[in-house]
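# Residue-level structural notes
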Amino acid sequence: MQSSEPAKALPYNDPAHWDRMVAAYEAQSQPFTTLFADAAVATLPIDPSSRVIDVATGTGAAALAAARTGAQVTAIDFSAGMVARVRAHGAANIEARQMDGQALDLPDAAFDAAVSVFGVMLFPDWRAGLCEMARVTRPGGSAAIAVWKSADGAAVHLLLSQIIRRLYPDNVTPMPCTGLAELADPGRLAAALVAAGFSDPAIAEVTHDFKLNVANPGDVDRLFEFMPHWSGLDAEQSAAVARAFRSEIERGRVGDSFAIPSTALIATARRA
Ligand SMILES: C[S@@+](CC[C@H](N)C(=O)[O-])C[C@H]1O[C@@H](n2cnc3c(N)ncnc32)[C@H](O)[C@@H]1O
């Protein structure tokens, strides 16, 4: 990592991080994010005549859901690896392009609908991400944006934060994405959409279990690799959190699976 560049300091804001994550993301995260992507896309009034953009498509959860309606989909992501994965799906009505969601290289009003699922909330300039979604959506068009309802995110991030808050309430390092924290509040999410150029925002809550595979204890340890929550803890505290995490899993696991309920806010709005 180029640590001298502040914009690259967070793994989430480094395309190379996501390039390395493609296979793991598709195997572990996409089955979970697909549940929310399907719900977000289902709110959009789209059909085979529609042009749809999926911003921060990842391995393509929302793009694939939109493409199943027959719509013509443009899927963008700043990670070349993610874009290559979406192209490899071979869907004739999905065009995947490498692009920064904060500065889309696309004309105004080019789409009937825009969707972003757990994408824009990660951008350093998430306001620019929302404004860009509005700019490329035609007046009267629709948008659906999914964010986590907790500033701690979801799944393993959420569970770890809960454990750290319980054990070391003064040592919690907030998730370092300002958009994640800001947009986790329904009122602020609605206001941000209006400020970006959308109207009539409506927010729904959707909850699904993240099913953590706990068959292999080594895999569970590797989950900690990218957790920003550790930075405020010393070695002894980190070990205590890891122990609490493992014993919570042992208490709650059903076979090789441990469920972590995670709630998203799905905002829908119209392009003003
Ligand atoms: C949590 S994943 C979500 C992927 C997908 N939408 C889903 O729901 O499974 C976040 C995605 O945002 C992408 N991303 C992060 N910052 C970005 C930016 N500035 N522009 C475009 N994509 C970005 C990452 O490459 C990654 O694929």
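Refer to the structure above for everything that follows.
Let us look at the structure shown here.

Each value, and the rule that gives it
- Residues numbered from 1 in each chain as written.
- Predicted model: local features only at pLDDT ≥ 70, side-chain atom pairs only at ≥ 80, totals over all residues.
- Heavy atoms only, no water.
- Near = heavy atom within 4 Å.
- Polar contact = N/O pair within 3.5 Å; in protein donor to acceptor, adjacent residues only side chain to side chain.
- Areas by Shrake-Rupley, 256 points an atom, 1.4 Å probe, with all protein chains shown as cover.
- Helix = DSSP H or I, 4+ residues; strand = E, 2+ residues; numbered from the N terminus.
- Buried < 20%, exposed > 50% of the residue type's maximum accessible area, 1.4 Å probe, protein only.
- Contact = heavy atoms within 4.5 Å.
- Phe/Tyr/Trp six-rings, centres within 6.5 Å; stacked < 30°, edge-to-face > 60°.
- Axes fitted to C-alpha atoms, helices over the stretch in contact; angles between N-to-C directions.
- Parallel < 35°, antiparallel > 145°, perpendicular 65-115°, else oblique.
- Left-handed = near helix turned anticlockwise from the far one by under 90°.
- Nonpolar A, V, L, I, M, F, W, Y, C, P; charged D, E, K, R; others polar.
- Salt bridge = Lys/Arg side-chain N within 4 Å of Asp/Glu carboxyl O.

### Focus on the site of the ligand
The local shell around the ligand holds 19 residues, among which Y25, T33, A56, D77 and V117 are the closest. Taking Y25, its side chain carries an N or O atom lying 2.7 Å from an oxygen atom of the ligand. Within the backbone of F78, one N or O atom sits 3.2 Å away from a nitrogen atom of the ligand. Protein chains bury 97% of the 600 Å² of accessible surface belonging to the ligand in isolation.

### Quick look at the environment of D209
Inspection of the secondary structure assignment puts D209 in strand β6 (residues 198-213). Using a relative accessible area of 36% as the deciding quantity, one classes D209 as partly exposed. Through-space distance from the C-alpha of D209 to that of T263 is 8.6 Å; in sequence the pair is 54 residues apart. Excluding anything up to four places from it in sequence, D209 contacts F32, A259, I260 and P261.

### Examining the packing of aromatic side chains
The geometry of two aromatic rings is summed up by the distance between their centres and the angle between their planes. Counted under the stated rule, the structure contains 7 aromatic pairs. Between W18 and Y25, the aromatic rings sit 6.0 Å apart at their centres with planes inclined by 75°, giving edge-to-face as the arrangement. There is no split in this pair, since W18 and Y25 are both buried. The interplanar angle of 80° and the centroid separation of 5.1 Å between the aromatic rings of F32 and F210 together place this pair among those described as edge-to-face. You can see F32 sitting in helix α1 (residues 15-42) and its partner F210 sitting in strand β6, a full 178 residues away along the chain. The residues F32 and F210 share a single accessibility class, namely buried.

### A word on the packing of helix α5 (residues 155-167) against helix α9 (residues 235-252)
The N-to-C vectors of α5 and α9 enclose an angle of 120°; their axes lie 10 Å apart at closest approach. Taken together, the axis directions place α5 and α9 in an arrangement best described as oblique. Considering the relative orientation of α5 and α9, their crossing is right-handed. Residues V156, L159, L160, I163, I164, R166 and L167 of α5 pack against A240, V241, A244, F245 and E248 of α9. Broken down by class, the residue content of the contact of α5 with α9 amounts to 10 nonpolar, no polar and 2 charged.

### Let's talk about the pattern of salt bridges
Scanning the entire structure with this criterion turns up 14 salt bridges. Among the salt bridges present, the one from R138 reaches D112, with a minimum N-O distance of 2.7 Å. Note that R138 is positioned in strand β5 (residues 137-148) and D112 in strand β4 (residues 111-117), a separation of 26 residues in sequence. Assessed through its relative accessible area of 32%, R138 is described here as partly exposed. Residue classification places D112 among the buried positions, given a relative accessible area of 14%. Residue R166 pairs with E248 through a salt bridge whose shortest N-O separation is 3.4 Å.

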